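In case you want the letters, here they are:
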Amino acid sequence: MGFILALDQGTTSSRAIVFNAQAQVVASSQQEFEQIFPRAGWVEHRPEDIWNTQLACARGAIEKAGLKPSDIAGIGITNQRETTVVWNRKTGKPVYNAIVWQDRRTAAYCDKLREQGKAALIRRSTGLELDSYFSATKVNWILNNVPGARAQAEAGELAFGTVDSWLMWNLTGGAVHASDVSNASRSMLLNIKTLKWDSELLELFDIPPSMLPQVCESSGEIARCDPAVLGAAIPIAGVAGDQQAATFGQTAFKPGEAKNTYGTGCFMLMNTGTEVVESHNRLLTTVGWQVNGRTSYMLEGSVFMGGAVVQWLRDGLGIIEKSADVQALAASVPSTDGVCMVPAFAGLGAPHWDPYARGTLVGMTRGTNKAHIARAALESIALQTVDLVQAMQRDGAKPLSELRVDGGASNNNLLMQIQADLLGVPVVRPTVTETTALGAAYLAGLAVGVFDTEESLLANWKVDARFEPKMSIDERGALLDRWHRAVERSKGWADA
């Protein structure tokens, strides 16, 4: 019974990984699913695609591991966070597609609330910026734009959940409607000090309280699977949003420890311990996790387009066949030759928070080729991360001695070297870069006894590669100056 199944439901794919009691990967399965773009700035997923791919991956990983469902001691869930699903409690059917965290359709609504002076209330209660990134405005949009949705919601017939809630609902055959504190803290509806749904915000966003899931701890038996789903009544024992899970997987348990995940977006989280630290530089204050009644808080910087920039080079421009090809293409030139990309395809996240910014490519000449653009794309990922680090330091964080990294794009050695050069500190990649799934496995394993204590997990973290900065201070300064000039040119574009 020393196996944990981690369900890692991401923005572009679902994944399942079986870990053993030594926190080693035994087997994994992954499936991509369709990204839906109904209009400019709108991003949706079919909730059925999320569930069906995740279920197929779960079954596939157990089978690949040569295990029976009854051999799994517990399930950990981690997920894309703010993505919003609203479904009918009786039928289990969604009333609309999932509105993805990248979606910008409620930007004008956020502007209206800002004009009404609501931003300070929202930040004070939730630790979040007033932005269409979060779930509350997405729920409001569904209730106001899907025929019959508001009447059904007011009659208690509809359920709202982030992806963790949607998965737990389906895993339990509709028996459990819950969300852990880390995911709930991304809804813009949870008071992060009381860890309860905020009645003032529910009234502001006109959301019936009956729609909301029960808030639970991140580690502990939350529910059991319906045996008809996976073949056994496996405990669901750990849940955390993807970035919080990655921080836990990186064993960043102490205040001041930080990690950066290079997934679809880039997300830097710094542990602030049991203290709720308010940012003065437009970072987010968020719940990390709650284990055995103890809540850990984080400062977070959110970048909307990280690895998704490489996906755009592949699918949008067609200049690479597969994502891994970007490294060789970008390395074929020594520099971008003055080209600078600002990947504001879904607006700009921290510390700018401009939903009207748009993707910008500047500095091109007749000699610019696809290799320069590929290198500029990698630089853009690293440059956005530098902005986050600088914002954290303005908030009083200690200077970084090193940056721990994870996520799929962290396997790109050129990107990691560029990151070290632009930060001026070493970048350290662990042997297990799928720390998001590992964090979910740790949270579940602690609850069911596969892992002993948080301290015992520290020994599992091992270095795979260390990237030392090689760039001169002058060159770094020039690149950062060019980047900030390009960022200013990208702002407010969709509003023009």
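Residues numbered from 1 in each chain as written. Predicted model: local features only at pLDDT ≥ 70, side-chain atom pairs only at ≥ 80, totals over all residues. Heavy atoms only, no water.

### Observations concerning the environment of Ile36
Step number 1: For Ile36, the position within the fold is in the loop between β3 (25–32) and β4 (44–45).
Step number 2: Among the residues examined, Ile36 registers a relative accessible area of 15% and is labelled buried.
Step number 3: Along the chain, Ile36 and Pro399 lie 363 residues apart, while their C-alpha atoms are 40 Å from each other.
Step number 4: Once residues within four sequence positions are removed from consideration, Ile36 is found in contact with Trp42, Val43, Glu44, His45, Arg46 and Asn97. (Helix = DSSP H or I, 4+ residues; strand = E, 2+ residues; numbered from the N terminus. Buried < 20%, exposed > 50% of the residue type's maximum accessible area, 1.4 Å probe, protein only. Contact = heavy atoms within 4.5 Å.)

### A look at the packing of aromatic side chains
Step number 1: The full count for this structure, using the stated rule, is 18 aromatic pairs.
Step number 2: With a centroid separation of 4.6 Å and 40° between ring planes, the pair formed by Tyr133 and Phe134 is classed as tilted.
Step number 3: Take Phe134: its relative accessible area is 0%, and that puts it in the buried class.
Step number 4: Summarising the aromatic geometry, the rings of Tyr133 and Phe304 are spaced 5.0 Å apart at their centres and angled 65° between planes, so their arrangement reads as edge-to-face. One end of the pair, Tyr133, is in the loop between α3 (119–126) and α4 (135–145); the other, Phe304, is in the loop between β18 (294–303) and α11 (307–317), and 171 residues separate them in sequence. Each of the two residues, Tyr133 as well as Phe304, counts as buried.
Step number 5: Taken together through their ring pairs, the aromatic side chains of Trp101, Tyr133, Phe134, Phe267, Phe304 and Trp353 make up a single cluster.
Step number 6: Positioned above the aromatic ring of Trp141, the side-chain terminus of Arg105 is 4.5 Å from the ring centre.
Step number 7: If you follow Arg404 out to its NZ or CZ, it ends over the ring of Trp461, 3.7 Å from the centre. (Phe/Tyr/Trp six-rings, centres within 6.5 Å; stacked < 30°, edge-to-face > 60°. Lys NZ or Arg CZ within 6 Å of the ring centre and 35° of its normal.)

### What to know about the side chain of Ser125
Step number 1: Residue position: Ser125 is located in helix α3.
Step number 2: Overall, the relative accessible area of 8% leaves Ser125 in the buried class.
Step number 3: Not counting residues within four places of it along the chain, the set of residues in contact with Ser125 comprises Leu190, Asn191, Ile192, Asp198 and Leu201.

### Looking at the environment of Gly173
Step number 1: With respect to the helices, strands and loops of the structure, Gly173 is situated in the loop between α6 (163–171) and β9 (178–180).
Step number 2: By relative accessible area, Gly173 is classed as exposed at 55%.
Step number 3: It is 34 Å that separates the C-alpha atoms of Gly173 and Gln311, two residues lying 138 residues apart in sequence.

### Let's talk about the packing of helix α10 (residues 242–249) against helix α15 (residues 435–448)
Step number 1: At a minimum axis separation of 6 Å, α10 and α15 run at an interaxial angle of 75°. On the basis of the axis angle, α10 is roughly perpendicular to α15. In contact with Asp242, Ala245, Ala246, Phe248 and Gly249 of α10, α15 contributes Thr435, Thr436, Leu438, Gly439, Ala440, Tyr442, Leu443 and Leu446. (Axes fitted to C-alpha atoms, helices over the stretch in contact; angles between N-to-C directions. Parallel < 35°, antiparallel > 145°, perpendicular 65-115°, else oblique.)

### Brief notes about the pairing of strand β15 (residues 258–262)
Step number 1: Summarising burial for β15: five of the five residues are buried, a large majority.
Step number 2: Burial along β15 is two-sided: the face carrying Ala258, Asn260 and Tyr262 and the face carrying Lys259 and Thr261 are both buried.
Step number 3: Linking β15 back to strand β16 (residues 266–273) in an antiparallel pair, the connection comprises three residues.
Step number 4: Of the strand pairs in this sheet, β15 and strand β21 (residues 403–406) are connected by three bridges, and their pairing is parallel. For Lys259, the partnering residue across the bridge sits in β21 and is Arg404. (Pairing = 2+ DSSP bridges.)

These results come straight from atomic positions and should not be treated as a statement about function.
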